[in-house]
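Fold and geometry: a report
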Amino acid sequence: MSLSVDIAHRLGSFDLNVAFEAPAGVTALFGRSGSGKTSVVNAVAGLMRPTSGRIALNGDVLFDAKTGPEQPPHRRHLGYVFQEARLFPHLSVRKNLAYGQRFARPGAERPDLKTIADLLDITPLLDRRPGTLSGGERQRVAIGRALLSAPRMLLMDEPLSALDAARKADILPYLEAVRDSAGIPILYVSHNMTEVARLATTVVIMDAGRVVKAGPAEEVLSDLDLVPMLGVRDAGALLQATVLRDHDDGMTELSIAGGTLFLPDMGLGPGSRTRVRIMAHDVILADHRPEGLSALNILHGRVIALRDGRGPGVIVRLDCGGDTLLARITRRSAQALDIAPGREVWAVVKSVSVARTDIGAG
Amino acid sequence: MSGWLGPAEWQAVALSLKVAFWATLLSLPLGVLTALALARGRFPGRQVLNALVHLPLIMPPVVTGYLLLLTFGRRAPVGEWLAETFGLVLAFRWTGAVLAAGIMAFPLMVRAIRLAIEAVDPRLEQAAATLGAPRAWVFLTVTLPLMAPGLIAGAVLAFAKAMGEFGATITFVSNIPGETRTLPSAIYSFLQVPGGDGPALRLVAVSIFVSLLALALSELLAHRAAKRVAGR
């Protein structure tokens, strides 16, 4: 299962020219607003016709400027979750959910309304009307509606951007559930790094209508070249971890490639795969193993590279027994500790500094 | 009501209701298509169509009536063809009154429906398309229900206008009792004879009553439809 996009489009002074592959899992299109992300998704959905190029899903050509007419949106069978939900106001939640069911591809595995409603926790809302729903509820119904049309792929254009932080945190687990149960590729547009780090398996970074970088999430997020673009405050590495055990004092012990991590309990059972984002500004470096610290996580690693920021800071990329970690420290500290590629250091991470929203199901 | 109204008066009221009903019903599908073309269409000649639709609103009704007579009269090309092919005679018949009333009411109807279509969020139609719905289905299940309030308003407006149409009707189909003497023609006729003030006033009362009833009905229906469209 894979979507391949290679399109160019001119709209006034804006010039879009992108090519990328979206394999199975969640592919995040990340970039600031105006970078052309929504245009790409609209082109994939068939709501916008690019000037030139080609879009294909598993070899099925959705659009090819050279070979003539493209597939109309209703024949593409791609579920689209819009930023503003776009529920049909005159229909009940149940009828909204069922709207696309009759048009499912013949032979497609049709999800059952009850199963989807339970997955997204919207069963109590079925007889309500969209006008009476909260923003988060509306967005969950929109996700369910898209899933129930038995799509070959799911397109999501900033589905959480209209929600406040608390609502976002509420919906992220549902999105993880969709990602892990739907078994179809998801193209996820976002300008929020927390969402991307939580959900994405592949990340495509866009800027001014161009793809700046594309690849596996762990790789892209720890790329020092991208730090100035992604924003130094948002810099952080993504770690794959497995829950070892939950301790009585509310801590969870996780195993990562370079050792163990203690993080606040996140209610996942032992053995479950998780992904953890450790923000670069939450990592302290030491030139010897520190003693007598309150911080619970001390990882041994080696400096791979470092890069000067615009301000007084530098960002350091570490290899901790196979995991990549980013640390943001001052240039003064870097000089004092003699930080250079190859240098062995200890990285210190406070357990409580890892935000709940930065820990998700792997 | 038939006791209070004389037979001639009752005849005029019934005829007007019949004419207005058919004029509204028959022009409604065409009105929706025209409004769609004007609101959403991108074709050369859109402005010409727009002007053509609005013409009856601007021209003197007598002119419209005379043009109808020139086109649909018994010896006129279209009129003759209709009579020979379908046996449909319009001039000096109630069917002609339907045509005259329909044409005069058409601009008002199209304007109201066009506003309703322009108020429908095309992004909802896009959403329906991404869910697999073909265009015709999207129109029937999303566009049409969402424009219902404006559609109702347009139909009621057209009905009221058709009830009151006078100039084009009397020019095209004359003022024949029982055939083309509609409510306004009847009021006019009663005012031409001595002692006709009583029946004329009764018909005026009926006119006002029917207008108010239509307005109340449309308000009620539009209110319901608007509530549905708002999603509550």
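Our subject is the structure that appears above.
Summarised in this report is the structure supplied together with it. For every chain, the first residue of the written sequence is number 1, and numbering continues from 1 onward in sequence order. Chain A is the first chain written and ligand 1 is the first ligand written, with later ones labelled in order. Reporting in this predicted model follows two pLDDT cut-offs: at least 70 for local features of residues, and 80 or more for side-chain atom pairs to be given and counted; totals over whole chains, interfaces and linings ignore these cut-offs and use all residues. As a rule here, side-chain values come from all non-hydrogen atoms in the structure, and water together with hydrogens is ignored.

1. Some thoughts on the overall build of chain A
Stated formally: Only DSSP runs of H or I reaching four residues or more are called helices, and only runs of E reaching two or more are called strands; each is numbered from the N terminus. Radius of gyration means the value over C-alpha atoms here, while the globule rule gives 2.2 Å times the residue count to the 0.38 power. Partly exposed residues are those whose accessible area sits between 20% and 50% of the maximum for their type, while under 20% is buried and over 50% is exposed, using a 1.4 Å probe and protein chains only. By definition in these notes, contact holds between two residues if any of their heavy atoms fall within 4.5 Å. Accessibility throughout is a Shrake-Rupley quantity obtained with a 1.4 Å probe, and a residue counts as covered only by protein chains that appear here.
Scanning chain A from terminus to terminus reveals 10 helices and 20 strands. In terms of overall size, chain A behaves like a compact globule, its C-alpha atoms giving a radius of gyration of 22 Å where 362 residues would be expected to give roughly 21 Å. Dimensions of chain A, computed from C-alpha atoms along their principal axes, come out at roughly 65 × 50 × 35 Å. Burial status across chain A gives 52% buried among its 362 residues. Across chain A, every contact between residues at least 6 apart in sequence was considered, and the portion connecting residues at least 24 apart equals 66%. Within the structure as shown, chain A displays about 15100 Å² of accessible surface, and the carbon and sulfur contribution to it stands at 50%.

2. Re helix H6 (residues 165–182) of chain A
Residues and elements named next belong to chain A. Threshold: Here, expected helix span is obtained from the residue count minus one, scaled by 1.5 Å. Axes are fitted to the seven residues ending at a residue and to the seven starting at it; the angle between these axes is taken as the bend at that residue.
For H6, built from 18 residues, the straight-helix expectation of 26 Å at 1.5 Å per residue is met to within 8% by its first-to-last C-alpha distance of 25 Å. At Ile171, H6 shows its largest kink, close to 25°, and the proline Pro173 lies no more than four residues downstream. By the burial criterion, the buried members of H6 are Lys168, Ile171, Leu172, Tyr174, Leu175, Glu176, Val178 and Arg179. Backbone geometry just after H6 places Gly183 at a positive phi near 65°.

3. Some thoughts on the interface of chain B and chain A
The condition is simple: Put simply, buried area is how much 1.4 Å-probe accessible surface two parts lose in total, over both of them, once they are put together. Whenever Lys or Arg places a side-chain nitrogen within 4 Å of a carboxyl oxygen from Asp or Glu, that contact is recorded as a salt bridge. In protein, a polar contact requires one atom able to donate a hydrogen and another able to accept it; more generally it is a pair of N or O atoms within 3.5 Å, and residues adjacent in sequence count only if both atoms are side-chain atoms. Ten residues, namely Ala, Val, Leu, Ile, Met, Phe, Trp, Tyr, Cys and Pro, are considered nonpolar, four, namely Asp, Glu, Lys and Arg, are considered charged, and the remaining ones, Gly among them, are considered polar.
Chain B puts 22 residues into the contact, and the matching count from chain A is 23 residues. The junction of chain B with chain A conceals about 2100 Å² of combined surface from both sides, 65% of it contributed by carbon and sulfur atoms. In this assembly, chain B and chain A are joined by one salt bridge. Arg123 of chain B is the salt-bridge partner of Glu84 of chain A, the closest N and O atoms lying 3.2 Å from each other. Our enumeration of links across chain B and chain A arrives at five residue pairs in polar contact (both at pLDDT 80 or more). Only helix H6 (122–130), helix H7 (135–146) and helix H11 (197–229) of chain B provide two or more residues apiece to the side of chain B that touches chain A. Classifying every residue of the side of chain B that touches chain A by side-chain character gives 14 nonpolar, five polar and three charged.

4. What about the pairing of strand S6 (residues 78–81) of chain A?
Residues and elements named next belong to chain A. Let me state the cut-off plainly: Only when DSSP finds a minimum of two bridges between them are two strands counted as paired.
Of the two faces of S6, the one holding Leu78 and Tyr80 and the one holding Gly79 and Val81 are both buried throughout. Note: S6 against strand S7 (residues 153–157), four bridges, orientation parallel. Across the sheet, the residue bridging to Tyr80 is Leu155, located in S7.

5. Quick notes on the sheet that holds strand S15 (residues 283–286) of chain A
All names here are of chain A. Short version of the rule: Only the stretch in contact is used when a helix axis is fitted, and all axes are lines through C-alpha atoms; the angle between N-to-C directions ranges over 0 to 180 degrees.
With antiparallel pairing, five strands are arranged side by side in an open sheet as S15-S19-S16-S17-S18. Unpaired on one side and paired on the other, S15 and strand S18 (323–330) mark the two borders of the sheet. Between one strand axis and the next, the sheet turns by 45° as a mean value, whatever way the strands run. Both strand S16 (residues 297–308) and strand S19 (residues 344–349) contribute to a ladder of six bridges, which runs antiparallel. Across the sheet, the residue bridging to Arg302 is Glu344, located in S19.

6. Notes on the packing of helix H5 (residues 94–119) of chain B against helix H8 (residues 148–164) of chain B
In a pair of packed helices, the angle between the axes and the distance between the axes together describe the arrangement. Residues and elements named next belong to chain B. Spelled out, the test is: Oblique is the label for any angle not under 35 degrees, not over 145, and not in the 65 to 115 range, which are roughly parallel, roughly antiparallel and roughly perpendicular in turn. Crossings are assigned a handedness: left-handed for a near helix turned anticlockwise from the far helix by less than a right angle, right-handed for a clockwise turn.
Two elements in contact, H5 and H8, have axes separated by 8 Å at closest approach and are oriented at 160°. What the angle tells us is that H5 and H8 run roughly antiparallel. Helix-helix and strand crossings are classified by hand; for H5 and H8 the assignment is right-handed. Along the contact surface, H5 presents Ala101, Met104, Ala105, Leu108, Met109, Ala112, Ile113 and Ala116, while H8 presents Gly150, Leu151, Gly154, Ala155, Leu157, Ala158, Lys161 and Ala162. Class assignment of the residues belonging to the contact of H5 with H8 gives a composition of 13 nonpolar, two polar and one charged.

7. A short note on the environment of Val196 of chain A
All names here are of chain A. Tracing the backbone shows Val196 in helix H7 (residues 193–199). A relative accessible area of 1% means that Val196 is categorised as buried. With 17 residues separating them along the chain, Val196 and Arg179 place their C-alpha atoms 13 Å apart. Every residue in contact with Val196, bar those within four places of it in the chain, is listed here: Ala28, Phe30, Ser190, Val203 and Arg275.

8. Thoughts on the packing of aromatic side chains
Keep this limit in mind: For Phe, Tyr and Trp, rings pair up if their centres lie within 6.5 Å, where Trp contributes its six-membered ring, and each pair is then called stacked (planes under 30 degrees apart), edge-to-face (over 60) or tilted (otherwise). For a Lys NZ or an Arg CZ to count as sitting over a ring, it must be within 6 Å of the ring centre and within 35 degrees of the ring normal.
Enumeration according to the criterion identifies seven aromatic pairs over all chains in this entry. For the pair Phe88 of chain A and Tyr99 of chain A, a centre-to-centre distance of 4.6 Å together with 50° between the ring planes defines the contact as tilted. Separated by 11 residues along the polypeptide, Phe88 of chain A in the loop between S6 and helix H3 (93–98) and Tyr99 of chain A in the loop between H3 and helix H4 (113–119) bring together distant segments of the chain. For the ring pair Trp81 of chain B and Phe86 of chain B, a centre distance of 5.6 Å and an interplane angle of 85° mean the geometry is edge-to-face. Given a relative accessible area of 57%, Phe86 of chain B falls into the exposed group. Chaining the aromatic ring pairs together yields one cluster made of Phe88, Tyr99 and Phe103 of chain A together with Trp137 of chain B. One Lys or Arg, Arg86 of chain A, reaches over the ring of Phe82 of chain A and ends 3.8 Å from the middle of that ring. Lying over the aromatic face of Trp94 of chain B, Lys18 of chain B brings its terminal NZ or CZ to 4.0 Å of the ring centre.

9. As for the pattern of salt bridges
Residue and element names in this part refer to chain A. One pass over the full model with this rule turns up 25 salt bridges over all chains. For Asp223, the salt bridge is made with Lys213, and the minimal N-O distance between the two is 3.1 Å. One end of the pair, Asp223, is in the loop between helix H8 (217–221) and helix H9 (227–230); the other, Lys213, is in strand S10 (residues 210–216), with 10 residues separating them in the sequence. On the accessibility criterion, Asp223 (12% relative accessible area) is buried. For Glu344, the salt bridge goes to Arg302, with nearest N and O atoms at 3.4 Å. One end of the pair, Glu344, is in strand S19; the other, Arg302, is in strand S16, and 42 residues separate them in sequence. A relative accessible area of 35% means that Glu344 is categorised as partly exposed.

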